[in-house]
Every structure is written in structure tokens, then in C-alpha cells.
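# Understanding the architecture of this molecule
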Amino acid sequence: MDVESADKQSCVSPEVQDAGVSSSDQRLRELGYKSEFRRDMSLFGVLGISFCAIGILTGMSSAFQTGLFSGGPLGLFWGWNICSLFMLFIALSLAEICSAYPTMGGLYFWVCKMKPDVPVLGFCTGWIYSIAMTFTGTSGNLSVALYLASLAEVGQGRTLSRVEVTAIAWGVNIASGIINTIGTKAIGGMSSFNLWWTLGGTLVLVITLLVKAPVKNSAAFVFTDYENFTGWQSRGFVVLLGFLQAVYTLEGCETAAQVAEEAKRAEILAPLAVVGSIVGSWLIGLAYMLALLFSVQSIASVQATSFAIPIAQLYYDAVGQRLTLMCLTVVALAQFMAAVTAFTASSRLFYALARDNAFPMKQKYMALNRYQAPYWGVWTSVLIGCIVSCAYIGSAVAFNAILSSAAIAVMLSYLQPIIIRVFWPSTSLKDRGPFSLGRWSWIINFASFLFTAFICVLFILPTAHPTDALNMNYAIVAIGTVMLLVGACWMFWGRFRFSGPVQTVGKEAIVREKGGL
């Protein structure tokens, strides 16, 4: 594999670049699909999509308290590095498949292609992952609303009601829909901007925390201090619960595949973006985490906070009111861009499923507007997001359960193609792309399989003891409901209409185009 030289080649001249675009379209035709989208995205655009979806600043900030209360700094630091390593293995596994099958169906299409004799696997993977991306976008948009609520609390001392927070979330959902409706160039530009915003924002936050914090914690505290606010007595189990923060933060690298049909030299750039986004997020997240751990003034204060987002209390204690407003603004904007990207992924998934008769109203969900956006999928995501957001008015516990199911659903979606690569290694990937793991492929896939299965179990275990109606982990109920819904869709609708990917280009056209290249 010579990805580096191929990537350099793509920057040499317009002629070579055009050839790269033609080769990407040709590969898409060989997979049975006609190119419907303009290939406007560069490496930075595709890489930015995955960075947006991972949202290192936002995931770390929104879920930081989970690790802080479950294992403390010890669990956070070591959990971050261990989980980052295994998430890199997952990214490598997915990138190898993505290079062979660079289509916007992503995980769904890969499962269909690698196990065509069991169409139910592809159908269920596509539906579960679509729901996961829609719920992830919904979660991100509510998080934006909570950051705005925290800004109001810190800046004006005004606490917003749940109805007000939900109304803001509705507005953010609609704004996400508008941006996605504008199309590929807008998303690509926003993703590239988010890449630089994440790098610059992390630098600003790290410097602000380390310079302004009145008390700097010792290295012994940062690397060895153990905290337990869960009620569980098992030290090992409590530290493992803290792993959930790292996994939640690092999910999303595969999103680059959802825009593969809009990228130049997709068979190279998409897998590079999948892997590069994890490597970059690992390093950026580590720098940000260390700054937070060296600067946290009181873990008990963060645990007892009244702010809508607990990280706001850490900022407030460390840098004061004015700089807290700046820090929250940096993270809130990054969170908004991450949520927009989730709806980008879900809308492309609806398009891919409809194209293969795995989703109703095929013609509508395959329709593109003048900006090359699958607008029906976009606004379906927005509608679902607004409906789910209403659950927050009645019960934050119920809303959190719905969103926890999204994190589990993403890991379950990773699990499907990885299982196929582990148990059918010789037959599942007959046509390899330019990004190949070679003789390390099975070992990396097996490690990815073990870790993904372990995390799926860990996500549904109780996080507090003794368990009651308020602190119970209802994720098992939510993900069970999702799986029952998807199973019912297959039984009563899908099995009569879906048999696998549908070719939109005839074999004769493929042969003719091959002869012309």
C-alpha cells in the first residue's frame, strides 16, 4: 500500500486530480451505483467531517464528569489512552473496508457486500446506525442548548426551565437542517473550519486553564488520584465505568464514509480520514484532558454544581466568570458543528437505504435539491430530533436513556462488519482497496471485536449503587426498544422488499466505461 505517494499525486496537477475523480466514480460504478453527487470534498473536508462527528472538545467537555466521578483522574487518564488505542484498532478495521467499498452507505453497505447471503444483517445495521446518527444529532443539539443555558447562568445568573432549553434545542435542530440543506460545499467548508476551530480552541482552552487556575494540581493527583461517587465498592469496576466517557467521546470516525461519494479520490481520502481523525482526537483530547485535570479546583464542587453542564463549574472555579463565558462559547460552537455533521450522516444513510429499497418512499428520499443535498433525509432527522427533544421536558432520565441508546447503537453498528471480518476473513473482502492492513488485518479485527463487544456490555450495566428509579441505567430498555422496532420493520416490511444493494448502473455500462479509461 502506498497511500502517501497516491495522496501526493492527487495534489500535483489538475489532470491527475481529474483522473482521481474518474477512478472514484469508476469504482462506484463497479459497485453498482451511478455517481449522483459532485465530488467537491478535499482531504480536509472529509477529515473535518470525522473530526466534527467525534467532536473532541464537545465529547470531552460534556462527558468529563462521568469519568471524574467514576475513577477520578486515574481512570480518566489511563482510560483515555487505553480506549484511544482500541478505538484506533476499530478505525483501522473500518478504514480497510471503506477503502474497498467507498460508498455513502458506509457500515450498512459494507455488511451487505461482505455477507450478501444474509440480507437481514445489512438491513438491521443500516436502520440501527441511521437511528443512532439521528439520536446523536439530537443529543448534540440539546447539548448546544444546555451550553447556552449555562452561559445564561454564568453570565446573568438566570436558570432556564426545561421548556426553554427544549425550545432552544428545537431552534438548533432547525438550524442544523438548514445548513445541511445548503449541501455538500457548505458541509465541507464547515468541516474544514471545525478542524481549525478544534485545534485553535483546544490551544486557547489549555493555555487559559493552565495560566489562570489559582491552584495547579500535582502530577501525583493527575495520574494516580482515585475518586468514586458511584456507590460501587469494586475499584476495578468503577474505573471501567469511567471508560464510557472516552468511548462516547471517540465515536464517529466512520462518518467520513457517509460522504465518500462526495469526496475526491474517496478510496484513499475516506480511510485516511477515518484513521486520522482518531489519531488526532487521541492527541488533542489528551492535551485538553491534562489541562482540565491539572486545573480542577474541587471535584466535589463539580459534582454538586447547579449549572446545566457540569464542566461549566470546573471552568468557573478555575478561571472565573468572564473567561468561563469564553470557554463555554468555544465548546458550544464546536458542539453545534458536531451535531450538524450527525444529521449529514443520517440523511446520507436514509438516501443509501432508500436507493436499495431498504427504506420507504424511495423516490422522495433519493431526491436531491439544487445544492446536491438529500433534503428529505435531512428534515426527517430534524423532525425526529424535535420530537425526541420533547422527552427532556417530562424527564431528563428518559431523554438520557434515549441518547445512551445512540452510543450503544453506534458500537453495535461497528460490531457487524468487524464480526464478519473476524469469522469470514478470506471471503468477506475479496476486492481490497489501496488502504490495506495486510497480514495484520485479522489480528487488528479480532482485537476490535473483543473491545467492541466488551463496551456494548459495559454500556448497559448500572452506573450507580444502590440502584433506584432515578439512577438506573435505562439504556438497556432504550436499545432493546430500538432493536425490537428494527426487527419488526424487517419482519413486516423489509424482508418482502429488501434483498441487498440495488445496482443503478448496468453491467454493460461498467464494461464500456472500463474500456474507455
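Here, the structure is the one placed above.
The paragraphs below set out a description of the structure included in this document. Numbers given for residues are sequential positions, taken from 1 along each chain in its written order. Whole-chain, interface and lining totals are the exception, using all residues; otherwise, since this is a predicted model, local features are given only for residues with pLDDT of at least 70 and side-chain atom pairs are given and counted only at 80 or more. Just so you know, side-chain values use all the structure's heavy atoms and leave hydrogens and water out.

Attention now goes to the overall build of the chain. Counting its secondary structure elements, the chain contains 22 helices and zero strands. Relative to its length of 517 residues, the chain is compact, with a C-alpha radius of gyration of 22 Å against a globular reference of 24 Å. On the principal axes, the C-alpha backbone points of the chain span a range of 70 × 50 × 45 Å. Within the span of the chain, comprising 517 residues, buried residues form 59% of the whole. For the chain, restricting intrachain contacts to residue pairs at least 6 apart in sequence, the fraction spanning at least 24 positions comes to 83%. In short, Shrake-Rupley with a 1.4 Å probe defines the accessible areas, and a residue's cover is counted only from the protein chains shown. Summed over its atoms, the accessible surface of the chain is roughly 19600 Å², and 66% of this surface lies on carbon and sulfur atoms. Strands are runs of DSSP state E lasting at least two residues, helices are runs of H or I lasting at least four, and both sets are numbered from the N terminus onward. Our radius of gyration is a C-alpha quantity, and the globule rule it is checked against amounts to 2.2 Å times the number of residues to the power 0.38. Under the scheme applied here, a residue whose accessible area is under 20% of the maximum for its type counts as buried, over 50% as exposed, and between as partly exposed, the area being computed with a 1.4 Å probe on protein chains only. By definition, residues are in contact when any of their heavy atoms lie within 4.5 Å.

With that settled, the discussion passes to the packing of helix α5 (residues 72-100) against helix α20 (residues 441-459). Axes here mean lines fitted to C-alpha atoms, for a helix over just the part in contact, with angles spanning 0 to 180 degrees between N-to-C directions. In the contact formed by α5 and α20, the axes pass within 9 Å of each other and the chain directions differ by 125°. What the angle tells us is that α5 and α20 run oblique. When the axes of α5 and α20 are compared, the crossing they make is left-handed. Every residue of α20 that contacts α5 at C83, F86, M87, F89, I90, L92, S93 and E96 is listed here: S441, I444, N445, A447, S448, F451 and T452. Gly counts as polar in this scheme, as do all residues outside two lists: the nonpolar Ala, Val, Leu, Ile, Met, Phe, Trp, Tyr, Cys and Pro, and the charged Asp, Glu, Lys and Arg. Residues belonging to the contact of α5 with α20 are distributed by class as follows: nine nonpolar, five polar and one charged. When an angle is under 35 degrees it counts as roughly parallel; over 145 it counts as roughly antiparallel; between 65 and 115 it counts as roughly perpendicular; any other value is oblique. When the near helix sits turned anticlockwise from the far one by under a right angle, the crossing is termed left-handed; a clockwise turn instead gives a right-handed crossing.

A pair is scored as a salt bridge if a Lys or Arg side-chain nitrogen falls within 4 Å of a carboxyl oxygen belonging to Asp or Glu. Taken as a whole and assessed by the stated rule, the structure comprises four salt bridges. Notably, a salt bridge pairs R421 with E96, separated by 3.5 Å at the nearest N-O pair. Linking R421 in helix α19 (residues 396-423) with E96 in helix α5, this pair joins segments that are 325 residues apart in sequence. What makes E96 buried here is its relative accessible area of 1%. Beyond isolated ion pairs, a larger network of salt bridges with shared partners links E96, R421 and R432.

In these notes, a set of buried Ala, Val, Leu, Ile, Met, Phe, Trp, Tyr and Cys residues joined through side-chain atoms within 4.5 Å is what counts as a nonpolar core. If you look at the biggest cluster of nonpolar residues, it comprises 161 residues, and the most contacted ones within it are F64, W110, Y315 and Y414. Element by element, the count of residues in this core is highest for helix α7 (residues 119-156), at 17 residues. Setting aside anything within four residues of it in sequence, one finds F64 in contact with G59, L76, Q245, M289, L292, L293, I311 and L314.

Moving on, we come to the environment of I90. Counting through the fold element by element, I90 comes out in helix α5. In sequence terms I90 and I278 are 188 residues apart; their C-alpha atoms lie 9.6 Å from each other. Once residues lying within four places of it in the same chain are set aside, the contact partners of I90 are M411, Y414, I418, S448, F451 and T452.

The next point concerns helix α3 (residues 43-54). What a helix is expected to span follows from its residue count: subtract one and scale by 1.5 Å. Between its first and last C-alpha, α3 extends 17 Å over 12 residues, near the 16 Å set by a 1.5 Å rise per residue. By the criterion of burial, α3 is predominantly enclosed, with nine of the 12 residues buried. What α3 keeps buried is the set G45, V46, L47, G48, I49, S50, F51, C52 and I54. Once α3 finishes, G55 follows within two positions and takes phi at roughly 55°, a positive value.

Attention now moves to the packing of aromatic side chains. Working definition: rings of Phe, Tyr and Trp (its six-membered ring) pair if their centres are within 6.5 Å, and the pair is stacked with planes under 30 degrees apart, edge-to-face with planes over 60 apart, and tilted otherwise. In total, this model carries 22 aromatic pairs according to the counting rule given. A centroid spacing of 5.9 Å and a plane angle of 65° characterise the contact between F307 and Y316, whose relative ring orientation is edge-to-face. According to the relative accessible area criterion, Y316 is partly exposed, its value standing at 36%. On the basis of an interplanar angle of 85° and a centroid distance of 5.8 Å, the ring pair of F423 and F449 is categorised as edge-to-face. Highlighted residues: F423 in helix α19 and F449 in helix α20, separated in sequence by 26 residues. What makes F423 exposed here is its relative accessible area of 51%. Among the aromatic residues, those joined into a ring-pair cluster are Y108, F123, W127, F350, F359, Y365, W376, W490 and F498. By definition, being over a ring means that NZ of Lys or CZ of Arg is both within 6 Å of the ring centre and within 35 degrees of the ring normal. Sitting above the plane of the Y226 ring, R235 keeps its charged end 4.1 Å from the centroid.

This part is about a nonpolar patch on the surface. Nonpolar side chains collect at one region of the surface, where I174, I178, I182, Y371, Y375 and W379 lie side by side and expose about 510 Å² of accessible area between them. Counting only elements with at least two residues in the nonpolar patch, the list comes to α8 (162-182) and α17 (375-389). If you tally residues by element for the nonpolar patch, the top one is α8, at three residues. Take Y371: it is sitting in the loop between α16 (362-365) and α17. To count toward a patch, a residue needs a relative accessible area above 30% and no salt bridge. Like charges then connect within 9 Å, nonpolar side chains (Val, Leu, Ile, Met, Phe, Trp, Tyr) within 5 Å.

For the pair helix α4 (residues 56-69) and helix α11 (residues 235-250), interaxial distance at closest approach is 8 Å and the crossing angle is 170°. Comparing their axes, α11 and α4 come out roughly antiparallel. Once α4 is placed against α11, the crossing between them reads as right-handed. Contacts from I56, G59, M60, A63, F64, T66 and G67 in α4 reach L241, G242, Q245, Y248, T249 and L250 in α11. A class-by-class count of the residues in the contact of α4 with α11 yields seven nonpolar, six polar and no charged.

Our focus in this paragraph is the side chain of S70. Here S70 lies in the loop between α4 and α5. Taking relative accessible area as the criterion, S70 reaches 7% and is therefore assigned buried. One polar contact links the side chain of S70 to the main-chain carbonyl oxygen of T66, over a distance of 3.1 Å. If we skip the residues at most four places from it in the chain, S70 touches E227, T230, V238, V239, L241 and G242. Polar contacts, as counted here, are pairs of nitrogen or oxygen atoms within 3.5 Å of one another; within protein the pair requires one atom able to donate a hydrogen and one able to accept it, and residues that are adjacent in sequence qualify only if both atoms are side-chain atoms.

What follows deals with the environment of D356. Mapped onto the fold, D356 is located in the loop between α15 (321-355) and α16. Accessibility expressed as a relative area gives 1% for D356, which makes it buried. Here the alpha-carbon distance between D356 and S499, two residues 143 residues apart in the chain, equals 8.4 Å. When sequence neighbours within four positions are dropped, the list of residues in contact with D356 reads Y33, Y108, F498, G500, P501 and V502.

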